[in-house]
Amino acid sequence: MPRGVATPEPRQQLFAAVERVIAQDGPGRLTGRAVTRQAGVATGLLYAHFANFDDFLVGYAVDRTFQIAGEVAALAGRAGTGTVAGNLSDAVLAVPAGALLALTRLTAHRPELTAGVEAVLGTGNAGLRTIERASADYLAAELRLGRLPAGVDTEALGLAVAGVLHHVVLTCGTGPTAHVLIRRAVTALVGGFPAVAAP
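These figures come from a predicted structure and were not determined experimentally.

Colleague: How do you make sense of the packing of helix α1 (residues 10-25) against helix α6 (residues 97-109) when you look at a structure like this?
Modeller: For any two helices packed against each other, the geometry is given by the interaxial angle and the distance between the axes. It is at 9 Å that the axes of α1 and α6 come closest, and there the two elements cross at 70°. Compared by their axis directions, α1 and α6 come out roughly perpendicular. Taken together, the residues of α6 that come into contact with α1 (itself represented by E19, I22 and A23) are A99, A102, R105 and L106.

Colleague: How should the nonpolar core be read in this particular structure?
Modeller: If you look at soluble globular proteins, the nonpolar side chains tend to sit buried side by side. Counting 59 residues, the largest nonpolar core has L30, V35, F56, L88, I131 and V190 as the members making the most contacts within it. With 8 residues, the single largest contributor to this core is helix α4 (residues 53-72). Discounting chain neighbours no more than four positions away, the residues touching L88 are L75, S135, Y138, L139, V161, V186 and V190.

Colleague: What exactly am I supposed to notice about the pattern of salt bridges here?
Modeller: When their charged atoms lie close together, side chains carrying opposite charge are able to pair. Under the criterion given, the structure shown has 7 salt bridges. Put simply, R183 and D90 hold a salt bridge, and the shortest N to O gap is 3.0 Å. Here the residue R183 occupies a position in helix α10 (residues 176-190), and D90 occupies one in helix α5 (residues 84-94), the gap between them amounting to 93 residues. Overall, R183 belongs to the partly exposed group, its relative accessible area being 34%. For the salt bridge of R129 with E118, the shortest nitrogen-to-oxygen distance reads 2.5 Å. Of this pair, R129 sits in helix α8 (residues 128-144) while E118 is found in helix α7 (residues 112-121), placing the two residues 11 residues apart along the sequence. Exposure remark for R129: the relative accessible area of 41% places this residue in the partly exposed category. What emerges from the salt-bridge pattern is a single network uniting E19, D63 and R64.

Cut-off values and rules
Residues numbered from 1 in each chain as written. Predicted model: local features only at pLDDT ≥ 70, side-chain atom pairs only at ≥ 80, totals over all residues. Heavy atoms only, no water. Axes fitted to C-alpha atoms, helices over the stretch in contact; angles between N-to-C directions. Helix = DSSP H or I, 4+ residues; strand = E, 2+ residues; numbered from the N terminus. Parallel < 35°, antiparallel > 145°, perpendicular 65-115°, else oblique. Contact = heavy atoms within 4.5 Å. Core = buried A, V, L, I, M, F, W, Y, C linked by side-chain atoms within 4.5 Å. Buried < 20%, exposed > 50% of the residue type's maximum accessible area, 1.4 Å probe, protein only. Salt bridge = Lys/Arg side-chain N within 4 Å of Asp/Glu carboxyl O.

Printed below as a string of structure tokens:
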């Protein structure tokens, strides 16, 4: 990039480049030079915003975890409306699958990132854990409204929903087939629950 030309939203430009590098070459090839080359910026830009490459990766993981959490944060507010399966499916399908896939692969390659994310966002707030907790909280709200059978293990179901998303994104990618499989699996988990509370 020519000198004197401002880079729009440089952090987001670099974070998007992380995902492209992981998609093309895998997390093992992720370096500061690979990221800045992919972003089309000077290597120094990364270090102008982050102390070192590890700090940059934590920043990426925090940003994407926060983004994922934002997509499911309002799920509990949908309790009592629509159908349980529809609400859960819509929420998890709103999660940016490309970001989730890159974050999952990166965290598997660098498990220490989880501690870095939790140091910023709090314990239990890394990656898919936010989806698990939001799903469980939503199901607990539906249980209180009588839209789930008494005794349903909402925490286990929340874990299952997160597990479905994790497995499908890792094995099928982020395309239409993955969306169909996720909706089918979530419906199989909770589709038999009533759409409205019993009088």
